[in-house]
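If you want the building blocks of each chain, they are given just below.
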Protein chains: 2
Amino acid sequence: MNLKHSRQRDSIKEFLATRKDHPTADVVYMGVRQSFPNISLGTVYRNLTLLADIGEIMRLRVGDGVDHFDYDTSPHYHFVCSQCGCVEDLKLPFNAGLTEEAKECFSGEIEGQMTYFYGCCADCTGEQMPV
Amino acid sequence: MNLKHSRQRDSIKEFLATRKDHPTADVVYMGVRQSFPNISLGTVYRNLTLLADIGEIMRLRVGDGVDHFDYDTSPHYHFVCSQCGCVEDLKLPFNAGLTEEAKECFSGEIEGQMTYFYGCCADCTGEQMPV
DNA sequence: TTAAAAATAGTAATTGTTACTGTTTTTATT
DNA sequence: AATAAAAACAGTAACAATTACTATTTTTAA
C-alpha cells in the first residue's frame with residue numbers, strides 16, 4: 001500500500017508533537033478539531049494506528065485500558081498515576097540490557113520490553129490529604 | 001465489607017491455580033463452567049477483581065487490551081507473543097532495584113513497576129515460515 | 001485531465017468490562 | 001433448627017474504547 005499525503009494525518013502528528021502528556025485518541029481528536037472541525041474520530045484512530053505501525057509515533061499501553069500516544073519514539077520509561085491517570089516521562093536511563101538478558105533465557109524471539117511504573121503523581125499526592 | 005464464603009469464588013481460584021498460561025476472564029469463565037455450568041460471566045469478573053484487590057491473585061495488563069490473571073502473585077516478568085497473544089513466565093530474576101531507582105528520580109510516589117517483554121513465542125517462530 | 005488508489009466523514013458494529021435487579025446463599029445469632 | 005441481615009449470585013442491560021463499513025472526496029502518477 002502506497003501512502004498518500006493527508007492533511008488530517010499531518011495535523012494529528014503536529015498536535016502530538018506539541019504534547020508531552022501522552023494523550024489518548026480522544027484527546028487527540030478534541031485537539032485536532034481545532035484545525036479540522038469535522039475530522040472523524042475514526043480518522044484519528046486510523047492514523048494513530050498507521051503512524052505507530054510505521055514507527056513515527058509510539059503507542060503506549062500502560063494498563064489503564066486506554067491507549068496513549070507519544071511523539072517521542074525513543075525507548076524511555078513512563079509513570080502512570082493510579083489516581084488521576086496521567087502519564088509522565090521518567091528521567092531514568094532506559095535499561096535496554098534487560099531485554100538482552102530476557103533474550104538469553106527465552107526460546108522464542110524477544111523484540112522489546114514495555115516497562116511502566118505506577119503510583120501516585122506529585123499533584124495527587126499533594127491534594128490527597130486535606131485532613 | 002465482610003467476605004462471605006462462595007463456592008464459585010473457590011472454583012475460580014482453584015481453576016487459576018491449575019493454569020500457568022495466565023488466562024483471561026473469558027477463559028476462566030469457560031473453565032469454571034465445567035464445574036458450575038450456569039455461573040455468570042459477571043460473577044467471574046467480580047471475583048477476579050475482588051481476588052486481585054485482596055492480593056490473592058494478580059491482574060496482568062500486558063497491553064493486548066485484555067486482562068490476564070495469574071495465580072502466582074510474586075513479582076516476575078512476563079512475555080507476550082504479538083502473534084498468538086500467549087502470555088508466559090520468564091525465568092529471569094525480577095529486578096526490584098529498578099523501582100528503587102525510579103523512586104529516586106520522581107517527585108510523586110511510585111508503588112511498583114510493570115514490565116513485560118513482547119515478540120514472537122517459540123511455537124509461532126517455528127510455524128511462521130512454511131516457505 | 002483523468003482515473004485508480006488512498007483517505008475521509010459519518011455511522012454501525014464489536015469487544016471487554018462494569019452496573020443493575022430481583023433471587024439465592026451464607027453465616028452469625030437466637 | 002429457625003431467622004434475618006449481609007453478601008453473593010445469575011441474568012441482563014449498559015458502557016466505553018476501538019474497529020469495521022460505506023459512500024464520497026482527495027491525492028497523485030500518468
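Residues numbered from 1 in each chain as written. Chains lettered and ligands numbered in written order. Predicted model: local features only at pLDDT ≥ 70, side-chain atom pairs only at ≥ 80, totals over all residues.

Enquirer: Is there a simple way to explain the environment of Leu90(A) in this structure?
Expert: As for its position among the elements, Leu90(A) is in the loop between strand S4 (87-89) and helix H4 (97-104). Residue Leu90(A) is classed as partly exposed on the basis of its C-beta count, with 18 C-beta atoms lying within 10 Å. Placed 77 residues apart in sequence, Leu90(A) and Lys13(A) show a C-alpha to C-alpha distance of 22 Å. Excluding residues that lie within four positions of it along the chain, Leu90(A) makes contacts with Tyr77(A), His78(A), Phe79(A), Phe117(A), Ala102(B), Cys105(B) and Phe106(B). (Helix = DSSP H or I, 4+ residues; strand = E, 2+ residues; numbered from the N terminus. Buried ≥ 20, exposed ≤ 12 C-beta atoms within 10 Å, placed from the backbone. Contact = placed C-beta atoms within 7 Å.)

Enquirer: Sorry, what's going on with the interface of chain A and chain B here?
Expert: Accessible area lost during the coming together of the parts is what is often quoted as the interface size. Tallying the contact residues gives 32 residues for chain A and 32 residues for chain B. Every element with two or more residues in the side of chain A that touches chain B is listed here: strand S3 (78-81), H4, strand S5 (109-120) and helix H5 (122-127) of chain A. Here the element with the most residues in the side of chain A that touches chain B is S5(A); it accounts for 12 residues. A per-class count over the side of chain A that touches chain B returns 17 nonpolar, 10 polar and 5 charged. (Nonpolar A, V, L, I, M, F, W, Y, C, P; charged D, E, K, R; others polar.)

Enquirer: Sorry if this is basic, but what is going on with the protein's contact with DNA strand C here?
Expert: Near DNA strand C lie 29 residues; those nearest to it are Gln8(A), Thr43(A), His5(B), Gly42(B) and Asp67(B). It is helix H3 (residues 41-53) of chain A that provides the largest number of residues to the surface near DNA strand C, a total of 5 residues. Of the residues that constitute the surface near DNA strand C, the class distribution is 9 nonpolar, 14 polar and 6 charged. (Near = placed C-beta within 6 Å.)

Enquirer: Just to check I follow, could you spell out the domain arrangement of chain A for this structure?
Expert: All names here are of chain A. What the domain assignment lists for chain A is domain 1 (1-73) and domain 2 (74-131). For domain 1 versus domain 2, the separation of C-alpha centres amounts to 21 Å. Listed per partner, the contact involves 10 residues of domain 1 and 9 residues of domain 2. The class makeup of the residues in the side of domain 1 that touches domain 2 is 2 nonpolar, 4 polar and 4 charged. (Domains from an automatic or database assignment.)

Enquirer: So what exactly am I meant to see when it comes to the relation of the copies chain A and chain B here?
Expert: Both copies of the chain are related by one operation, a rotation about an axis with a shift along it. With an RMSD of 0.2 Å, the fit of chain A onto chain B corresponds to turning through 179 degrees and sliding 0.0 Å along the axis. Put plainly, the chains are arranged around a two-fold axis. Closest to the rotation axis within chain A is the C-alpha of Thr115(A), separated from it by 2.1 Å. Most of the interface of chain A is mirrored in chain B: 100% of its interface residues are interface residues there too. (Least-squares fit on C-alpha atoms with pLDDT ≥ 70 in both.)

Enquirer: Whenever I open this one, the packing of helix H2 (residues 25-32) of chain A against H3(A) confuses me. Can you help?
Expert: Helix-helix packing is characterised by the crossing angle of the two axes and by the distance between the axes. Residues and elements named next belong to chain A. Viewed as axis vectors pointing N to C, H2 and H3 meet at an angle of 120 degrees, and their least axial separation amounts to 9 Å. With respect to H3, the element H2 is oriented oblique. In the crossing of H2 with H3, the sense of the turn from one axis to the other is right-handed. In this structure, H2 uses Ala25, Val28, Tyr29 and Val32 to contact H3, whose residues at the interface are Leu41, Val44, Tyr45 and Leu48. Residue classes in the contact of H2 with H3 are distributed as 8 nonpolar, no polar and no charged. (Axes fitted to C-alpha atoms, helices over the stretch in contact; angles between N-to-C directions. Parallel < 35°, antiparallel > 145°, perpendicular 65-115°, else oblique. Left-handed = near helix turned anticlockwise from the far one by under 90°.)

Enquirer: Help me understand the environment of Glu104(B), please; the structure alone is not making it clear to me.
Expert: Residues and elements named next belong to chain B. Among the structural elements, Glu104 can be located in helix H4 (residues 97-104). You can call Glu104 exposed: it has 8 C-beta atoms within 10 Å. In this structure the C-alpha to C-alpha distance between Glu104 and Ala52, which are 52 residues apart in sequence, comes to 28 Å.

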